[in-house]
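For reference, the chains in residue letters:
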Amino acid sequence: MRVTVPLSAGWHYRDSPASEAWLEAGFSPGDDPAWRRVDIPHTLQELPLNHFDERSYQKKGTYWRSIDARSLPRPDEGGRVFLDFEGVAVSCKVWLNGAKVGGHAGAYAPFSLDVTEAIAVDGDNSLVVEVDAAEDPGVPPFGSIVDYLVYGGIYRAVFLRVQGAVYIETIHARTRVGEPAGSAGGVGPGAAGATGADAENSVAEGRCGLAVDIALGGRAEAWPAAAGASIRARLSRDGAIVAEASATLADLSGSREKSARVEFPALVGIERWDIDSPTLYDLEVTLSREGGALDRVATRVGFRTARFTAEGFFLNGRRVFLRGLNRHQSYPYVGYAMGPGAQRRDAEILRRELGARIVRTSHYPQSRHFLDACDELGLLVLEELPGWQHIGDAAWKDCALADLGDMIRRDRNHPSIVLWGVRINESPDDDAFYARTNALAAKLDPDRQRGGIRNFRGSALLEDVYTFNDFTHDGGKAAVAPSKAVKGKATDSPYMITEHSGHMFPTKRWDQEERLAEHARRHARVLDAAMGDPGTAGAIGWCTFDYNTHKDFGSGDRICYHGVSDMFRIPKYAAALYASQEDPRRSVVLEAASIFAKGERGALRELPVEVYTNCDAVEVRRFGEKVGRFYPDRARFPHLEHPPVVLRDLVGDTIDKEGFAQRDKEIFIALASKVMAGGPESLNLADKLRFLAFSRRTGLSLKAAEAGPGKYGYAGGRPGDVLELVGILGGAEAARRTYGADASAARLELAADAPALRVRPGDEWDAVRITATMRDQYGNRCAFAFDPLRLEVAGPGRLLGPELVSLSGGAIAFWIASTGEPGAIQARVSTPRFGSTTLCLEAVLDHDR
């Protein structure tokens, strides 16, 4: 039977290339201070937040670990022992007991090394891994400039795996879902609908099927004895068996491909996997013969149809517009080296807080923990091979093909993945190369469609879906390019926008309010225009989070401020646009793109203000009085599910006490609102004449009339100037936000993403984010607070990053990692203004991997 032992804890690291002396079988770092005790995930070099030289981590470093094999089961005769690495950046060499057992080039693919001949099964073993983080031009994505960083280190989990003489290498669960005849989903596989050679596997309407393709491994001499072995597959949900099926293994001695198939031809009562109800089933495959089990592998599956067509994207037969964002897997200070909890949390932010329906893993395969969470949350995924604009030589292309194959074999059982990206992001056409990537993807996963991310019109289409990075919108009238114009000759192909906005309008979270508001408007315009094109399947914005980059990009400080949230996952106004598109039954959103402070906008402008909400209307109150009720702006945003509510008036009914006639009330409101939006200079001659006539009719002196707009604007000098936004849903109040002219910092608030960290002995450390926010007496973030903070951690946890930080625009976040022991963790944050605040977490043992 397979035995898997986690090896992510208990390493030592030295900041230098491997030495011959360290490769000897009996080597141990002992108490040498040059070796630091580390756990995986690990980065070669922690970096400052910004203004660093990216060459500082592009070096070699060496990891050492002892493996006590005495506690492991001895391999059967002919059995094998493997080291499994889920991700090492950028390349590495591996030695066990002084013998070189292999290596790997490429930062994103998992790899396994057979160490059967090198391991001492009855004693201690010395494992040495030399990691080289240099940007090797022979390995994707390198060879030219790249707009992101590939941080060095062993940044994903490591395992030791003991196998028998014959074992299961991979399983491919190919689900089938029957759709009504003529439906957009088609009858067939859980991904793309049955076409061509796969039509024979289709199932009847209302039923589901499952074919499990099993790739086997083992020594050549073991295959004759394996003939006749049983392969049993069990499908279950929440521990209850749904169905079982089996097959008998043929004599594969003379077969080039060692494989088998188990069929579930007709499954009834299966619940669909969907974005709103992501039902998952457990699939367990056991290889056994008389005397017991030889191997067992488990995965999760979901039953659904997903198909891109020229009329849009259809999930389980219904059209779904794919509103989404791109995601880089990097974090402040530690780069790629982040634990499972934080990886999963990113998926939760995308699906639950930003309302995304799809994420693109730009521009490489990402953590299995992130993809597992996408399966559980109903977040669709476009996953692509590593690369960025550059295509290298023949050897480089072979590496890219290997990366693509490894990605698909690892991730093809994820129901969340609906499209493979088989083209290097924004690269030129290369029909011969891309014919190979398409053929490989079709062979490894015939059931999913393929796309290829391009950034120029009329590109040759070898994939199923024309995926295009559309940066048409620069603030002008054109929001997106017409899909038919982009596709050129591929007029009948499915079409999806895979990037927009982003670098066209970089925005920092602490920028002036007008820039932040325009940033959100640009995303809204593009999203609305894309939704209005029936031939566009979706629009994936650039991007979810700000990210570190090379010197050739960004704002000169090694950061691209392209996200709808910052690097710490703290939202900008644009994030509220995405969040507000979600069904209010999930979560009510009410977020104004303003802090309502006189003087924050240029020339004292106060209007208009967008309120991003999924409420039916927003009622505005001032001084406890109703100003008016405002409704979604469907004139400017006819296609958004929930257009923003635009406030164009702060006077409204509060002027009634002045006793003006209705006509004069309307004139005053119109002129006052115009002044609040554009300043007095925005009034033309006709406006001034109307104003003069109004003054004469109402008996107000011209001076008093001119002062009216200022009186009703923010902080007009009246005490108790409080503005309230009330979200109205179904005729009742659903949410409320309050803003005061007298707002001042009142407290420092700490909030953790989760109350506990999971401790899994020997496995990757877990991490939880804590956000520190300075709030005023009304509960709003103090948008321009930059107070210094001291961070301290006590108990079985450690701080990722520096101990001294500062608030950025009123908030900052940090991550705490588990250290391998259970117990109480205290996070203490101190600031000169408010003293110390403590938040408690718990590190909890979890043996379920």
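Residues numbered from 1 in each chain as written. Predicted model: local features only at pLDDT ≥ 70, side-chain atom pairs only at ≥ 80, totals over all residues. Heavy atoms only, no water.

Before going further, it helps to spend a moment on the environment of Arg-300. Among the structural elements, Arg-300 can be located in strand S20 (residues 292–301). C-alpha separation for the pair Arg-300 and Ala-34, spaced 266 residues apart in sequence, amounts to 43 Å. A polar side-chain atom of Arg-300 sits 3.3 Å from the main-chain carbonyl oxygen of Asp-372. Side-chain polar atoms of Arg-300 contact the side chain of Glu-376, separated by 2.9 Å. (Helix = DSSP H or I, 4+ residues; strand = E, 2+ residues; numbered from the N terminus. Polar contact = N/O pair within 3.5 Å; in protein donor to acceptor, adjacent residues only side chain to side chain.)

This structure, assessed with the given rule, holds 80 salt bridges. For Arg-318, the salt bridge identified is with Asp-274, shortest N-O distance 2.7 Å. Residue Arg-318 is found in strand S23 (residues 318–319), and its partner Asp-274 is found in the loop between strand S18 (259–267) and strand S19 (281–289); the two are separated by 44 residues along the sequence. For Arg-318, a relative accessible area of 33% puts it in the partly exposed group. (Salt bridge = Lys/Arg side-chain N within 4 Å of Asp/Glu carboxyl O. Buried < 20%, exposed > 50% of the residue type's maximum accessible area, 1.4 Å probe, protein only.)

The subject of this paragraph is unusual backbone geometry. Cis geometry marks the peptide bond from Ala-89 to Val-90; its omega dihedral reads 0°. Looking at where Val-90 falls in the secondary structure, it is placed in the loop between strand S6 (88–89) and strand S7 (91–96). Pro-141 follows Pro-140 through a cis peptide bond whose omega is 10°. Inspection of the secondary structure puts Pro-141 in the loop between strand S10 (124–132) and strand S11 (153–154). Phi angles above zero are rare outside glycine, and Gln-389 is one such case at about 70°. By secondary structure assignment, the location of Gln-389 is in the loop between strand S26 (380–384) and helix H4 (394–411). Its identity as a non-glycine residue notwithstanding, Phe-623 has a phi of 55°, on the positive side.

With respect to the helices and strands, the residue Arg-351 is situated in helix H2 (residues 340–353). Within polar-contact distance, the side chain of Arg-351 engages the backbone oxygen of Ala-356 at 3.1 Å. Once residues lying within four places of it in the same chain are set aside, the contact partners of Arg-351 are Ile-275, Asp-276, Ala-356, Leu-377, Gly-378, Leu-379, Glu-582 and Arg-586. (Contact = heavy atoms within 4.5 Å.)

Taking strand neighbours across the sheet as the criterion, the 3 strands line up as S34-S35-S38 in an open arrangement whose pairing is antiparallel. Each edge of the open sheet is held by one strand with a lone partner, namely strand S34 (590–592) and strand S38 (645–647). Taken over all neighbouring pairs, the strand axes of this sheet differ in orientation by 25° on average, direction set aside. Direction of pairing for S34 relative to strand S35 (residues 609–613): antiparallel, over a ladder of 3 bridges. Residue pairing across strands places Leu-590 opposite Thr-613, the latter belonging to S35. Where helix H8 (residues 573–580) meets the sheet, its contacts fall on S34 and S35, and the angle it forms with S35 comes to roughly 45°. (Pairing = 2+ DSSP bridges. Axes fitted to C-alpha atoms, helices over the stretch in contact; angles between N-to-C directions.)

Here we take up the sheet that holds strand S28 (residues 449–454). Around the barrel, 8 strands lie side by side as S24-S25-S26-S27-S28-S29-S30-S31; this closed barrel has parallel pairing. Adjacent strand axes in the sheet meet at a mean angle of 25° when their direction is disregarded. The pairing of S28 with strand S29 (residues 465–469) spans 4 bridges and is classified as parallel. Bridge pairing in S29 places Ile-453 opposite Thr-467.

Moving on, we get to the environment of Asp-546. Structurally, Asp-546 can be placed in the loop between strand S31 (536–541) and strand S32 (547–548). With a relative accessible area of 3%, Asp-546 lands in the buried category. Here the alpha-carbon distance between Asp-546 and Pro-332, two residues 214 residues apart in the chain, equals 9.8 Å. Those residues in contact with Asp-546 that sit more than four places away from it in its chain are Ile-559, Cys-560, Tyr-561, His-562, Gly-563, Ser-565, Asp-566, Met-567 and Lys-572. A distance of 3.2 Å separates a polar atom in the side chain of Asp-546 from the backbone nitrogen of His-562.

Core analysis: the biggest nonpolar cluster contains 58 residues, and Leu-350 and Leu-354 have the highest contact counts within it. Among the elements that take part in this core, helix H7 (residues 513–531) stands out by supplying 7 residues, more than any other. Setting aside chain neighbours within four positions, we find Leu-350 in contact with Leu-325, Gly-355, Ala-356, Val-359, Phe-370, Leu-379 and Thr-544. Membership of the second largest hydrophobic core comes to 54 residues, among which are Phe-52, Val-101, Val-158 and Trp-542. (Core = buried A, V, L, I, M, F, W, Y, C linked by side-chain atoms within 4.5 Å.)

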